[in-house]
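Close look at the chain arrangement
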Amino acid sequence: GGGNNSADGGKASYAFVTNGVDPFWTLAESGVKAAAADLQVKADVLMPAAGAVEQKSMLEDLMTRGTTGIAVSPIDAANQTDFLNQVAEQTILITQDSDAPDSSRRVYIGMDNYDAGRECGALVKEALPEGGTVMILVGRMEQDNARRRRQGVIDELMDRSHDNTRFDPPGAVIKGEKYTILGTLTDQFDRAKAKANAEDTLARNPDIGAMVGLFAYNPPLILEALEQAGKLKEVKVIGFDEAERTLQGIIDGDVQGTVVQNPYMYGYKSIEVLNALHNGTDTGADADGFINISARQIKKDNVEEFWADLKKKLGK
Amino acid sequence: MSSDSPKTLLEVRGIGKSFPGVRALNGVNLHLVGGEVLALLGENGAGKSTLMKILAGVQPADEGQILMDGEVIEIGGVQDALDYGIALIHQELNMATNLSVGANIFLGREPTKRGLIDEATIYKNSKGFLKMVGLNVDPNTIVGDLTIGRQQLVEIAKALSVDARVLIMDEPTSSLSQKEAETLFTVIKDLRKRGVSVIYISHRLGEAKELADRVSVLRDGENAGDLPRADINHDKMVKLMVGRDISQFYARTIHKPGEVALEVKNLRTPAHPTHELSFKLHAGEIVGMAGLVGAGRTELLATLFGVTPNLGGKVWIAGTSIDAQSPQEAINAGIALVPEDRKQQGLILDMTVRENMGLASLKRESPNGIFMNEAREAEITALMIKQMRVKTPNDRQVIRYLSGGNQQKVVIGKWLAMEPKVLLLDEPTRGIDVGAKQEIYGLMEDLAKRGVAILFVSSELEEVMGMSDRTLVMHEGRITGELPRDQLSEEAIMQLATGNTEAA
Amino acid sequence: MKQFISKFIGSQSEGAKRILGIFVLLMVVYIVTAIINPNFVGAYNQENLIRRTSLFGILGIGVALVIITGGIDLSLGSVVCLVGVGVPWLITDQGWAPWIVLIMAIVLPMLIGLSHGLLITKLRLQPFIVTLCGLLIYRGVTRGFTGDQTAGFGNELKGLRWIATGEIPLFPGFGIPFPAIILIVIAVAVGIFLNRTIYGRYLLALGNNEEAAKFSGINTDRMITLAYVICSGLAGLAGLLFVLDLNLAQPVDFGNFYELYAIAAAVLGGCSLRGGSGTILGVIIGTALLRVLRNMMNMAFLGFQRAEFAVIGAVILGGVIVDELAKRAVAKKRAAQKQK
Amino acid sequence: MKQFISKFIGSQSEGAKRILGIFVLLMVVYIVTAIINPNFVGAYNQENLIRRTSLFGILGIGVALVIITGGIDLSLGSVVCLVGVGVPWLITDQGWAPWIVLIMAIVLPMLIGLSHGLLITKLRLQPFIVTLCGLLIYRGVTRGFTGDQTAGFGNELKGLRWIATGEIPLFPGFGIPFPAIILIVIAVAVGIFLNRTIYGRYLLALGNNEEAAKFSGINTDRMITLAYVICSGLAGLAGLLFVLDLNLAQPVDFGNFYELYAIAAAVLGGCSLRGGSGTILGVIIGTALLRVLRNMMNMAFLGFQRAEFAVIGAVILGGVIVDELAKRAVAKKRAAQKQK
Ligand SMILES: Nc1ncnc2c1ncn2[C@@H]1O[C@H](COP(=O)(O)OP(=O)(O)OP(=O)(O)O)[C@@H](O)[C@H]1O
Ligand SMILES: Nc1ncnc2c1ncn2[C@@H]1O[C@H](COP(=O)(O)OP(=O)(O)OP(=O)(O)O)[C@@H](O)[C@H]1O
Ligand SMILES: [Mg+2]
Ligand SMILES: [Mg+2]
């Protein structure tokens, strides 16, 4: 019964609140569960399926339950700051994946999506050393991580300086010396639309050089479209995250590479840090309360090792 | 009538109206004097309702003028007509069935107190109007819970509540029995005394004789002539309407009843769960069923047809016991029902004449129980249209656009096409013109000759007396008596229908 | 008093009967959750529940009026988005004067409702199509003009935001959230409108039988249009309150699916999609049920997060089935008694 | 031939007239897009369009039957999810034999439809409520049993996947995608069912007036239930084809909103939500319009991605308005001619 979950059960109880439902968060969930087992604490993962409104209700409800500590990935930090401060008054609050720098959260665990985007851009350069046309495919553009990733890709391909506040409006074609970014297509998480976007790209620009899929499901659907059009390997694919099909694609040589974060560590670390804060021990964060868990490139040379490790974490 | 020359209140000049494929009205003239009851007659589809709808602001005319008190007026909508003091009781029931009786009576004209509806006044006044029409229900009753006959009385009460100068009644008595009709006549005569003019449409010609100061007849959308009070008699009216004489109205030959086709023993219906009904029907016999509104006749037929549950008792068709839980089972056992409420139960309004006509016999006519036999459907439809003289541009006309009486003909045709063993008819000639009535009587006669057992409910005493070999009379859920043909008389039926069993 | 209530919830005794079932269901869910987690009945949680019910209830009341006419409004969620995103965007990003923006937030949705009403009554387009296009257009437009940027007030306009976040202290630790006051005012006003004024009567009549209403001299087109105007207007108000409460609104999903919640609440609360019936109290109870169910999942069944939808669906379906069976049993018993 | 077509699209001449408008709109969108970007008419793009229309068209045909009865099915998208996620999950993750899973994928949705139909006809629950609960339950259950994991076939089952991805080569560079064959078979079968069999006639009749249909001896309950069974069954089939095509399905949003697309296609194609009318050809044209519009945005208006919804909504709304006005003008002209 859920009743045991309330704080008065004696054991500390933590909650890990995501910004949506995604396999990415399922990996984080394994990390949460592993940490809970290691530390002998209770930890629940909550995934709001309906955006900011639902995330707010979840946090409110968690405070009502009397949760010891919460690790949250704010959907929109700038405007949630007030509310997050309220939460922080009631319980131990840290942020993960996405930060709320102006709030009184104690620690932020994550990485910079802009940097990750640049890593991704670097993979495009490897795939198309002579330059070429590129289409970016992504679920939504209004999510902070999507915006930064995309900007990172663009800035890297345009050889611009490192400035994570820059923003190129989508829609316009961005022409650099070697690379041309044709546009950014969004699908609002509709998988059929995501594949249709890849197909329409091929129909529109039959000679396209590369397609970059910024959300976990984008690269597999790009591969599907290419396979059905008979254009695998002809059009380069650069991905994000660790969908199985993407990893298989790297092994088969259909995908140049992918940039992975470490959601498992987000989960694990979050619980570890919450527990440390609860017990008053050291969290290992820097002066700004930042714990960096950086992204990295997975390519043909390290994919097998990465995949094996992933399977282990998922308990497969 | 008063001695000084009567003043024309309402006049209609050269009205024309067309619908796709139909010229409904063509240069029609009509005038109405204050305090006059004008009977407007005509065959089904002659254009009576169309003309009245134009006067009531429901439809615009294509051409022509309407004058009130000698001045040309524009009737742009229902509200305009009401403002001129013209109120219409529609041929088809049009009630908000979710609202109470009182709310319906005052719909669109609710009295208010401090901006809110004055329910107390509505209640009080409704009671008065309901009493006038002889309907004894609480004004707070939801209209949907009333039977058709009672709803029609509510419609009448509603029209009375409009302080109208011209009251148009389009077949107000089609679902009423003699007793309620007589109450209505008293009301109409009373209105006339108060100077209200009434346009009265009916296919019951006797009513015109009783009520009208003058008769005006339409034929095929044109004026066919008028009859002054002194000249009003059945034959003249019929002649004007159909353009020929119709004699020998009820051509009945007495049948020798055959085997028992339907036997009912101790049947109980949900409306009167404590009353047990028993009777028999023989092959080749036509049995009439009389009674006042709400006597339970419709309920009885509905229960036999499997629409409402049978609470006990047994039913046999040709000696085989059946327990129909649905119309489908009843049909399979050989029972057909022409329902009373054609709009709700009889017709698919948005389907064509042909589709409606064929609906019940689709399965029977299908070569393999799956595919439709459209050729056969067309054939049957053509036959029925001809036999019953249905006025329709073609068999692909959407039935919503047929006149009320022609719709009724299609409902009947649909069941005749089925060739049942037992035919139940609930007010079959409701709204049907004299000519067509005769056709239908002829069809009933033919069917009886072929051995079909017919039970027909009718509120028109004349018809019951003319058509039945035997008459059953109901009162408040009981069969109060049975009259063989030679004992039939208006008095005898009315005695039984009002529950006076000793007198019979 | 009893009479007043019956007047308020609707003249039809049907109405009261329909509501009873859903009300019992609400109570059952309430009590079960309270037993599993006593914090559920705590002041803080109750305030949250009241606030959420109030915001969604406003949407439900609006769409109930449209449903009573026999129509439907699928554009609610997008109107919520338009206003919810538009207001902070205009004030914070574009620097418009708040009072102008607030007037627009009231007027624009009503114009939207007007256009729906006119297209439906004058051009006789199907309400489903018209408001579906509305759903697409208003969201698309919002996304277009904001460039898909999240909008919010940041730390500004705390005073204004109090309309949604404030409360009227009742006793220590518990107050009535201000949106509840707004909901009550609207509910009473619409309740009186629907059941005590002639226009409400017209609405009920035309929803049941548009022709009969027309024949009674009622300007049905105007009444139907009015229903759409009120519905969109209330959606705009709700959108405003939502964004004042949340302080952030994303064009892409703000208000997503809210039309479905609102319609579901109305239908649960006794509105028939065929038109002609519905009670305001029922809509509020229906809304409360949906909110309490979601809260229940967080409060009592945290381990079943993923099956949340399944649980809510099963509870509602189970509830209406039991309700129907109970009604039948009662009817049967009465019939049996009558026979004696 | 002409007669055959008229038989197939519906006996009511109304039907043909309704379809005409939407067909003209489809053609206009088609031609405009082709002019802006000639690649639009390329074989590859046309194949894609045909495939997408086929998949969504199957959903639309199913829901059209339900709409014809005067009902609605909101659970479509969740049935797509249940099958689309369930099939790869059982085969790939759980190692079940494909043939067992495929039989389940056909049978289970039909049982779901059966339960909807029985609840609606026997317990007289509102279709909206029943299928809304279905929407919640099937998605919730799918999310529950898969633990929200994405499911897919990886590199397996290429043979089976050919059903969705394969094509029948017509001439070099262009083939008929196999799903189109499936759609045509279904459309012809359902079209014949609806317009040439007595059961189709029953369905149309009861959708118009259930009581009168009952009085005509039609087992309306059985017919309504049948419509829900077919609808859910086709949704299951579509779910299967979707996942075979996409090769991945995520429980949380697979098939989201598809019920709305399907209903919209049906309504655009001439189905009235009041029941009793609808044509299969219309549904397919409606589906095609929605798919072509989305494709148009990518092919011709890449810069307006964000306003995509707004553009689609505006085109549809504009289309139906023009259609309506045109019809009126024609009617007026005819009436004028007649008077002479
Ligand atoms: N809306 C309509 N569309 C098409 N035709 C119509 C419409 N209304 C009436 N008609 C046709 O106009 C003619 C006159 O109909 P109307 O209803 O006035 O006849 P009526 O004299 O009242 O007949 P009844 O005695 O059967 O009621 C009929 O042929 C009918 O089919
Ligand atoms: N839905 C209902 N609810 C309550 N009482 C009903 C209902 N339907 C019928 N009754 C009652 O059952 C009785 C029989 O009605 P029924 O319609 O069978 O009578 P009828 O003789 O055919 O008269 P009518 O001409 O009005 O149809 C009446 O007393 C009526 O009030
Ligand atoms: Mg008439
Ligand atoms: Mg009767």
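Residues numbered from 1 in each chain as written. Chains lettered and ligands numbered in written order. Predicted model: local features only at pLDDT ≥ 70, side-chain atom pairs only at ≥ 80, totals over all residues. Heavy atoms only, no water.

A closer look at the overall build of chain B
The cut-off we apply is this: Each helix is a run of DSSP H or I of at least 4 residues and each strand a run of E of at least 2, with the numbering of both proceeding from the N terminus. What makes two residues a contact is simply this: any of their non-hydrogen atoms within 4.5 Å. Per-residue and other accessible areas follow the Shrake-Rupley method at a 1.4 Å probe size, with only the shown protein chains counted as cover for residues. His residues and chain termini do not enter the charge count, which takes Lys and Arg as positive and Asp and Glu as negative. For charged residues, the charge sits on one atom: NZ in Lys, CZ in Arg, CG in Asp, CD in Glu.
Of regular secondary structure, chain B possesses 18 helices and 22 strands. Contacts in chain B between residues far apart in sequence, at least 24 positions, make up 67% of those at least 6 positions apart. Of the roughly 19,400 Å² of accessible surface on chain B, a fraction of 48% belongs to carbon and sulfur atoms. For chain B, the separation between the mean place of its 56 positive charges and that of its 66 negative charges on side chains is 1 Å.

Some points on the overall build of chain A
Defined as follows: For the exposure calls, accessible area comes from a 1.4 Å probe over protein chains only, and a residue counts as buried if that area is under 20% of its type's maximum, exposed if over 50%, partly exposed in between.
Helices and strands together make up the secondary structure of chain A, namely 10 helices and 13 strands. With respect to the principal axes defined by its C-alpha atoms, chain A has extents near 65 × 40 × 35 Å. Across the 316 residues that make up chain A, the buried fraction comes to 66%. Contacts spanning at least 24 positions in sequence make up 68% of the contacts within chain A whose residues lie at least 6 apart. As displayed, chain A has an accessible area near 10,800 Å², and 45% of this comes from carbon and sulfur atoms. In chain A, 34 side chains carry a positive charge and 48 a negative one; their mean positions are 3 Å apart.

Section: the pattern of salt bridges
Filter applied, for reference: Salt bridges, as used here, are contacts in which a Lys or Arg side-chain nitrogen is within 4 Å of a carboxyl oxygen on Asp or Glu.
Per the counting criterion, the structure on display carries 68 salt bridges over all chains. For the salt bridge of R52 of chain C with E60 of chain A, the shortest nitrogen-to-oxygen distance reads 2.6 Å. Residue R52 of chain C is found in helix 3 (residues 43-68), and its partner E60 of chain A is found in helix 2 (residues 51-65); the two belong to separate chains. E60 of chain A carries the same exposure label as R52 of chain C, and that label is buried. E63 of chain B is the partner of R23 of chain B in a salt bridge, and the nearest nitrogen-oxygen pair spans 2.9 Å. Taken together, the residues span a long stretch of sequence, with R23 of chain B in strand 2 (residues 22-33) and E63 of chain B in strand 4 (residues 63-68) at a distance of 40 residues. Since its relative accessible area comes to 35%, R23 of chain B is described here as partly exposed. Salt bridges sharing common partners tie together K56, E60 and D61 of chain A together with R51, R52 and D245 of chain C.

Description of the relation of the copies chain C and chain D
Threshold: Our superposition of the copies is a least-squares fit, built on the C-alpha atoms of residues whose pLDDT is at least 70 in both.
For the match of chain C to chain D, the screw axis carries a shift of 0.1 Å, the RMSD comes to 0.1 Å, and the turn is 180°. Taken together, the rotation and translation relating the two chain copies correspond to the operation of a two-fold axis. Using C-alpha coordinates, one finds that chain C approaches the rotation axis most closely at R274 of chain C, a distance of 4.0 Å. Same-surface contact between copies: 100% of interface residues of chain C are shared with the interface of chain D.

Some details on the nonpolar core
Here is the rule we go by: Each nonpolar core is a collection of buried residues, namely Ala, Val, Leu, Ile, Met, Phe, Trp, Tyr and Cys, held together in the definition by side-chain atoms within 4.5 Å. In this document the domain limits rely on a domain assignment from an automatic tool or a database.
Formed by 339 residues in total, the largest nonpolar core has its most connected members in L59 and I61 of chain C together with L59, I61 and F242 of chain D. With 15 residues, the top contributor of residues to this core is helix 11 (residues 220-246) of chain D. Here this core spans two domains, since at least three of its residues come from each of domain 1 (8-242) and domain 3 (343-419) of chain B. The next biggest cluster of nonpolar side chains, apart from the first, holds 67 residues, and it includes L349, M357, V390 and A436 of chain B.

Structural notes on the site of ligand 2
Residues and elements named next belong to chain B. Operational definition: In this text, near means that some heavy atom of the residue lies within 4 Å of the molecule or strand in question. Between N or O atoms, a polar contact is any pair within 3.5 Å; within protein, one atom must be a potential hydrogen donor and the other a potential acceptor, and residues adjacent in sequence are included only when both atoms are from side chains.
In the vicinity of ligand 2, 15 residues are found, and the nearest of them are G294, A295, R297, T298 and E299. Here T298 contributes a side-chain N or O atom positioned 2.4 Å from an oxygen atom of ligand 2. At 3.1 Å from an oxygen atom of ligand 2 is found a side-chain nitrogen or oxygen belonging to E340. Relative to its free-state accessible area of 620 Å², ligand 2 is covered by the protein chains to the extent of 75%. Of the residues forming the shell around ligand 2, the biggest block, 3 residues, is contributed by helix 9 (residues 297-304).

Describing the coordination of the magnesium ion (ligand 4)
Residues and elements named next belong to chain B. Applied cut-off: Here the term donor refers to an N, O or S atom within 2.8 Å of the metal (or 3.2 Å for Na, K and Ca), and because water is left out of the atoms, sites may appear incomplete.
Around the magnesium ion (ligand 4), the protein contributes the donor atoms T298 (OG1) and E340 (OE), which lie 1.9 to 2.8 Å from the metal centre. Here the residue T298 occupies a position in helix 9, and E340 occupies one in the loop between strand 18 (335-338) and helix 11 (342-346), the gap between them amounting to 42 residues. With relative accessibility at 9%, the residue E340 sits in the buried group.

Considering the sheet that holds strand 2 of chain B
Residue and element names in this part refer to chain B. Convention followed: Criterion used throughout: strands pair if DSSP finds at least two bridges between them. Every angle, taken between N-to-C directions, lies between 0 and 180 degrees, and every axis is a line fitted to C-alpha atoms, over only the stretch in contact when it is a helix.
Overall, antiparallel pairing links the 4 strands, which are arranged 2-1-4-5 in an open sheet. The open sheet has two edge strands, strand 2 and strand 5 (71-73), and neither has a second partner. Recorded for the sheet is a direction-independent mean angle of 25° between the axes of neighbouring strands. Each of strand 1 (8-19), strand 2 and strand 4 touches helix 1 (residues 48-55); the most contacted strand, strand 1, lies at about 120° to it.

A short note on the coordination of the magnesium ion (ligand 3)
All names here are of chain B. All of the protein donors around the magnesium ion (ligand 3) are S49 (OG) and Q91 (OE1); their distances to the metal are 1.9 to 2.1 Å. Here S49 is found in helix 1, whereas its partner Q91 is found in the loop between strand 6 (86-89) and helix 3 (101-105), with 42 residues between them in sequence. Exposure remark for S49: the relative accessible area of 17% places this residue in the buried category.

Describing the sheet that holds strand 9 (residues 210-213) of chain A
All names here are of chain A. Strand order in the open sheet formed by 7 strands is 7-8-6-9-10-11-13, and the pairing between neighbours is mixed. Pairing within the sheet leaves two strands with one partner each, and these edge strands are strand 7 (174-175) and strand 13 (296-298). Bridge count for strand 11 (residues 257-260) against strand 13 is 3 bridges, and the pairing is antiparallel. Bridging from a neighbouring strand, V259 pairs with Q297 of strand 13. Here helix 8 (residues 244-252) sits on the sheet and contacts strand 11 and strand 13; the angle it forms with strand 11, its principal contact strand, is near 140°.

Focus: empty space enclosed by the protein
What counts, and what does not: Cavity means a closed set of points on a 1 Å grid over the protein atoms alone, one where a 1.4 Å probe fits but cannot get out, pocket means an open set with protein on both sides within 12 Å along at least 5 of 7 lines, and lining means a residue has an atom within 4 Å of a point. Grid points are joined across faces, edges and corners, and a volume is the space filled by probe spheres set on the points. For this classification, the nonpolar set comprises Ala, Val, Leu, Ile, Met, Phe, Trp, Tyr, Cys and Pro, the charged set comprises Asp, Glu, Lys and Arg, and every other residue, Gly included, is treated as polar.
Scanning all chains against the criterion turns up 16 cavities of 30 Å³ or more. One number sums up the size of the largest cavity: a volume of about 280 Å³. Mapped by element, the contributors of at least two residues to the lining of the largest cavity are helix 2 of chain A together with helix 3, helix 11 (220-246), helix 12 (258-268) and helix 13 (280-300) of chain C. Looking at which element gives the most residues to the lining of the largest cavity, the answer is helix 2 of chain A, with 7 residues. Tallied by class, residues from the lining of the largest cavity come to 9 nonpolar, 3 polar and 10 charged. Of the volumes computed, that of the second largest cavity is approximately 210 Å³. Looking at the second largest cavity, it is lined by 17 residues, and the ones nearest its centre are L88, H90 and K158 of chain B together with F215 and S216 of chain C. Broken down by secondary-structure element, the contributors of at least two residues to the lining of the second largest cavity are helix 2 (78-83), strand 6 and helix 5 (148-161) of chain B together with helix 10 (210-215) of chain C. By residue class, the composition of the lining of the second largest cavity is 11 nonpolar, 3 polar and 3 charged.

Brief notes about the site of ligand 1
All names here are of chain B. Taken together, 20 residues surround ligand 1, and among them K48, S49, T50, S403 and G405 come closest. H203 places a polar side-chain atom, nitrogen or oxygen, 2.8 Å from an oxygen atom of ligand 1. The contact in question runs from an oxygen atom of ligand 1 to an N or O atom on the backbone of Y401, over 2.8 Å. Considering ligand 1 on its own, with 640 Å² of exposed area, one finds that the protein chains cover 92% of that surface. The residue inventory of the shell around ligand 1, partitioned by class, reads 6 nonpolar, 11 polar and 3 charged.

Some points on helix 6 (residues 191-204) of chain A
Inclusion rule: Multiplying one less than the number of residues by 1.5 Å gives the expected span of a helix.
The terminal C-alpha atoms of helix 6 of chain A lie 20 Å apart, and with 14 residues this matches the ideal 20 Å at 1.5 Å per residue to within 8%. The element helix 6 of chain A is extensively covered by neighbouring structure, given that 13 of its 14 residues are classed as buried.

Quick look at the packing of helix 6 (residues 127-146) of chain C against helix 12 (residues 258-268) of chain D
For clarity, the cut-off: Any angle from 65 to 115 degrees is called roughly perpendicular, while one under 35 is roughly parallel, one over 145 is roughly antiparallel, and all others are oblique. Should the near helix be turned anticlockwise from the far one by less than a right angle, the crossing is left-handed, and should it be turned clockwise, the crossing is right-handed.
It is at 10 Å that the axes of helix 6 of chain C and helix 12 of chain D come closest, and there the two elements cross at 135°. Here helix 6 of chain C lies oblique to helix 12 of chain D, going by the angle between them. Handedness of the helix 6 of chain C/helix 12 of chain D crossing: left-handed. Residues F128, I129, L132 and L135 of chain C of helix 6 of chain C lie in contact with helix 12 of chain D, whose contacting residues are L260, I263, A264, V267 and L268 of chain D. Looking at side-chain class alone, the contact of helix 6 of chain C with helix 12 of chain D contains 9 nonpolar, no polar and no charged residues.

Brief notes about helix 12 of chain D
All names here are of chain D. The buried fraction of helix 12 amounts to 10 of the 11 residues, a majority that puts the element mostly inside the structure. All of the buried residues along helix 12 are Y258, E259, L260, A262, I263, A264, A265, A266, V267 and L268. Directly after helix 12, the chain includes G270, whose backbone phi takes a positive value near 105°.

Some details on the packing of helix 3 of chain C against helix 13 of chain C
Residue and element names in this part refer to chain C. At a minimum axis separation of 8 Å, helix 3 and helix 13 run at an interaxial angle of 140°. Accordingly, the angle class assigned to the pair helix 3 and helix 13 is oblique. As helix 3 packs across helix 13, the resulting crossing turns out to be right-handed. Residues N45, L49, R52, T53, F56, G57, G60, I61 and A64 of helix 3 form the contact with helix 13, whose participating residues are I280, V283, I284, T287, A288, R291, V292, N295 and M299.

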